[in-house]
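Working through the structure, step by step
Listed below, chain by chain, are the residues.
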Amino acid sequence: MANYQEFMERADETALSLTRSSQNWTAFLETAARLYKYPYNEQLMIYSQRPDAIACAEFDVWNKRMGRYIKRGSKGIMVSDGKKARYVFDVSDTGTREKSRPFKLWEYSEEYDSAVQKMFAEKYGSDSNVFFNMVNDAVRKSAQEYWRDNRRNIIDIVANSFLEGYDDYNIEVKFIDAVSTSVTYSVLSRCGFEAGEYFEPVSYTHLTLPTNSR
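Calculation notes
- Residues numbered from 1 in each chain as written.
- Predicted model: local features only at pLDDT ≥ 70, side-chain atom pairs only at ≥ 80, totals over all residues.
- Heavy atoms only, no water.
- Helix = DSSP H or I, 4+ residues; strand = E, 2+ residues; numbered from the N terminus.
- Buried < 20%, exposed > 50% of the residue type's maximum accessible area, 1.4 Å probe, protein only.
- Contact = heavy atoms within 4.5 Å.
- Lys, Arg positive; Asp, Glu negative; His and termini not counted.
- Charge placed at Lys NZ, Arg CZ, Asp CG, Glu CD.
- Pairing = 2+ DSSP bridges.
- Patch = residues over 30% accessible without salt bridge, like charges linked within 9 Å, V, L, I, M, F, W, Y side chains within 5 Å.
- Areas by Shrake-Rupley, 256 points an atom, 1.4 Å probe, with all protein chains shown as cover.
- Salt bridge = Lys/Arg side-chain N within 4 Å of Asp/Glu carboxyl O.
- Axes fitted to C-alpha atoms, helices over the stretch in contact; angles between N-to-C directions.
- Expected span 1.5 Å × (residues − 1).
- Core = buried A, V, L, I, M, F, W, Y, C linked by side-chain atoms within 4.5 Å.
- Polar contact = N/O pair within 3.5 Å; in protein donor to acceptor, adjacent residues only side chain to side chain.

Within the protein chain, the secondary structure is distributed over 7 helices and 5 strands. With respect to the principal axes defined by its C-alpha atoms, the protein chain has extents near 55 × 45 × 30 Å. Of all 214 residues assigned to the protein chain, the portion counted as buried reaches 41%. Taking as baseline every contact in the protein chain between residues at least 6 positions apart, the subset at least 24 positions apart corresponds to 60%. Between the centroid of the 28 positive side chains of the protein chain and the centroid of its 31 negative side chains there is a distance of 8 Å.

Okay, here's the thing in structure tokens:
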């Protein structure tokens, strides 16, 4: 079994590969969308080991809380908070017993449209009834707020990214565009939409490094 350092190196290599193409980035977003409860660094570690993971949890969660067992021969997926490592298992690594709790991923359906529209109107001031527009507008507003709160920190770390070389205004514009595209794509993917159909190739321009930076 690979050791901790090897897993971390694999995750670092995967991180570098994500911005080499829009295909790489959106493939990661689809996995991250399913694992939205995990922070980015752990999403990345899971993706580097099991890009097809559906729902991950630690052994005790599957065994004690869900009443499921880990199948013989299953390999744990290492994740780390930077201080210590632990292993999680995907639902596909588990099996059921007679008293296992039912497991089903939540799904979005049209019956939720009115409630979702009301929430977006109240929380984000949305006046649209189109799911893509509601999500994209809300994500963009959140990205703008994040920029305002973290502007200096972002500007200080743009070296060797797609933002390097731009002035502050253009960094802001491109950062917000990149975040909006990525988060909207993830939300659409998790809700069962074909996210790629909502974006043109130019949408990913600010998400990949220029050729001479790779």
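On we go.
Residues in a regular strand point their side chains to alternate faces of the sheet. Here 3 bridges tie strand β1 (residues 56–58) to strand β4 (residues 85–90), and the two strands are oriented antiparallel to one another. Looking at the pairing, A57 lines up with F89 of β4. In the sheet, strand β3 (residues 77–80) pairs with β4 via 4 bridges, with the strands oriented antiparallel. Residue pairing in the sheet places I77 in a bridge with V88 of β4.

Side chains of I54, F103 and L105 sit close together on the surface and give an oily, nonpolar patch of about 200 Å² of accessible area. In this fold, L105 is placed in the loop between β5 (94–96) and α5 (113–124).

Turning our attention to the sheet that holds β4. Paired through their backbone hydrogen bonds, the strands of a sheet run either parallel or antiparallel. Taken in spatial order, the 3 strands of this open sheet run β1-β4-β3, and their pairing is antiparallel. Two strands close off the open sheet at either side, each with one partner strand: β1 and β3. Ignoring strand direction, the axes of neighbouring strands in this sheet form an average angle of 50°. Sitting on the sheet, helix α3 (residues 40–49) is in contact with β1, β3 and β4, with an inclination near 160° to β3.

What follows deals with α5. Taking 1.5 Å per residue, 12 residues should reach 16 Å; α5 reaches 16 Å between its end C-alpha atoms and fits that length. Phi turns positive, to about 70°, at G125, one or two residues after α5.

Looking at where G196 falls in the secondary structure, it is placed in the segment after α7 (168–190). Overall, G196 belongs to the partly exposed group, its relative accessible area being 39%. Along the primary structure G196 and V135 are separated by 61 residues, whereas in three dimensions their C-alpha atoms are 15 Å apart.

Before going further, it helps to spend a moment on the nonpolar core. Core analysis: the biggest nonpolar cluster contains 24 residues, and F28 and F131 have the highest contact counts within it. For this core, the elements supplying multiple residues, two or more each, are α2 (22–34), α3, α5, α6 (131–156) and α7. At 6 residues, α6 tops the list of elements feeding residues into this core. Beyond its immediate sequence surroundings of up to four residues, F28 is in contact with L18, Y40, Q43, L44 and Y47.

Looking at the element boundaries, S48 is found in helix α3. Residue class for S48 comes out buried when judged on its relative accessible area of 16%. Within the structure, S48 has its side chain in polar contact with the backbone oxygen of M45 (distance 2.8 Å). When near neighbours in sequence (up to four residues on either side) are disregarded, S48 contacts R10, A11 and T14.

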